[in-house]
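Descriptive analysis of the structure
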Amino acid sequence: MRRTEQEITDIRDLETVLKRARICRIGLAEDNMPYVVPVCFGYKDDRLYVHSSPKGKKIDMISKNNRVCFEAETDVELVPADDPCDFAITYRSVIGFGRAGLVEDRDEKIRALNIIMEHYTNRENYTFPDSIVAVTAVIEIRIERMTGKRSKHPI
Ligand SMILES: Cc1cc2nc3c(=O)[nH]c(=O)nc-3n(C[C@H](O)[C@H](O)[C@H](O)COP(=O)(O)OP(=O)(O)OC[C@H]3O[C@@H](n4cnc5c(N)ncnc54)[C@H](O)[C@@H]3O)c2cc1C
């Protein structure tokens, strides 16, 4: 990272960014063409979980190339100024890399759906009808590495 003083290195701080972030953006690649898609997610034990329709471009792409990049941020604030060159944006963000796959086991899917729900509600004991679980895809991203950055001053 060019601005090393802005780097977040402590895993607990990286996890805090992930836990506070409201959405993440998943980057996928196919035939030298990137595709970035915003999603809701949950994070636990070095894994991101995303629920999805079982059909669509991101699912197709993951089935062909499971290598993904993701980004999430929190605490974003615009700091206005009179001089346009003095405007700033403050944030804490994470960029990670990993491998994506589909969770197939019913109980594992329910566990993952609860991790997503907990992310947004702080509750994790929801029940899900079997009929919904059966038609819901759950993507698991096994995180291989992450970097973090915080900006407190003009970029
Ligand atoms: C804040 C937010 C949260 C979301 N949370 C989830 C989630 O938790 N789970 C989930 O599955 N989806 C979520 N979505 C929707 C998601 O971004 C995709 O639209 C959806 O997952 C379908 O993706 P797909 O690759 O299957 O697209 P497809 O339906 O296959 O369509 C692919 C085409 O549609 C375009 N497209 C797809 N999505 C978008 C988009 N968001 N904006 C503009 N163009 C688009 C692409 O450019 C591409 O050409 C969320 C979107 C937002 C903005």
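Data block above holds the structure.
Residues numbered from 1 in each chain as written. Predicted model: local features only at pLDDT ≥ 70, side-chain atom pairs only at ≥ 80, totals over all residues.

**Structural notes on helix H1 (residues 11-20)**
Note the threshold: To sort residues by exposure, count the other C-beta atoms lying within 10 Å of each residue's C-beta; 20 or more gives buried, 12 or fewer gives exposed, and values between give partly exposed, all with C-beta atoms placed from the backbone. Only DSSP runs of H or I covering at least 4 residues are called helices, and only runs of E covering at least 2 are called strands; the numbering of each starts at the N terminus. This arc is taken over the directions from the axis of the helix to the C-beta atoms. By the criterion used throughout, residues are in contact when their C-beta atoms, derived from the backbone, lie within 7 Å.
Within the span of H1, buried status applies to Leu 14, Val 17 and Leu 18. On an axial view of H1, the arc spanned by its buried residues comes to 95 degrees, and they lie on one face. Where H1 is buried, its residues meet strand S1 (7-8), strand S4 (42-44), strand S6 (67-79), strand S7 (88-102) and strand S8 (137-151).

**Notes on the pairing of strand S2 (residues 24-30)**
Looking along a regular strand, one sees the side chains alternate between the two faces of the sheet. This is how the line gets drawn: Any two strands between which DSSP finds at least two bridges are classified as paired.
In this structure, S2 lies alongside strand S3 (residues 33-39), joined through seven bridges in antiparallel fashion. Bridging across to S3, Ile 26 finds its partner in Val 37. The hairpin formed by S2 and S3 contains two residues between the paired strands, and Asp 31 there has a positive phi angle of roughly 50 degrees.

**Observations regarding the nonpolar core**
Which entries qualify depends on this criterion: In this description, a nonpolar core means buried residues of the types Ala, Val, Leu, Ile, Met, Phe, Trp, Tyr and Cys, linked to one another by C-beta atoms lying within 7 Å.
In this structure, Leu 48 and Tyr 49 are the most contacted members of the largest nonpolar core, which totals 27 residues. Looking at this core, the elements that each hand over two or more residues are H1, S2, strand S5 (47-52), helix H2 (57-64), S6, S7, helix H3 (106-121) and S8. Once residues within four sequence positions are removed from consideration, Leu 48 is found in contact with Cys 24, Phe 41, Tyr 43, Phe 70, Ile 141 and Ile 143.

**With respect to the site of the ligand**
As a reminder of what qualifies: To decide whether a residue is near a molecule or strand, its C-beta atom is placed from the backbone and checked for lying within 6 Å of it. In this count, Pro and Cys sit with the nonpolar residues alongside Ala, Val, Leu, Ile, Met, Phe, Trp and Tyr, while Asp, Glu, Lys and Arg are called charged and the others, Gly among them, polar.
Surrounding the ligand, one finds Ile 23, Val 37, Pro 38, Val 39, Cys 40, Val 50, His 51, Ser 52, Ser 53, Gly 56, Lys 57 and Lys 58. Residue assignment for the shell around the ligand shows that the elements contributing at least two residues are S3, S5 and H2. Split by residue class, the shell around the ligand holds six nonpolar, four polar and two charged.

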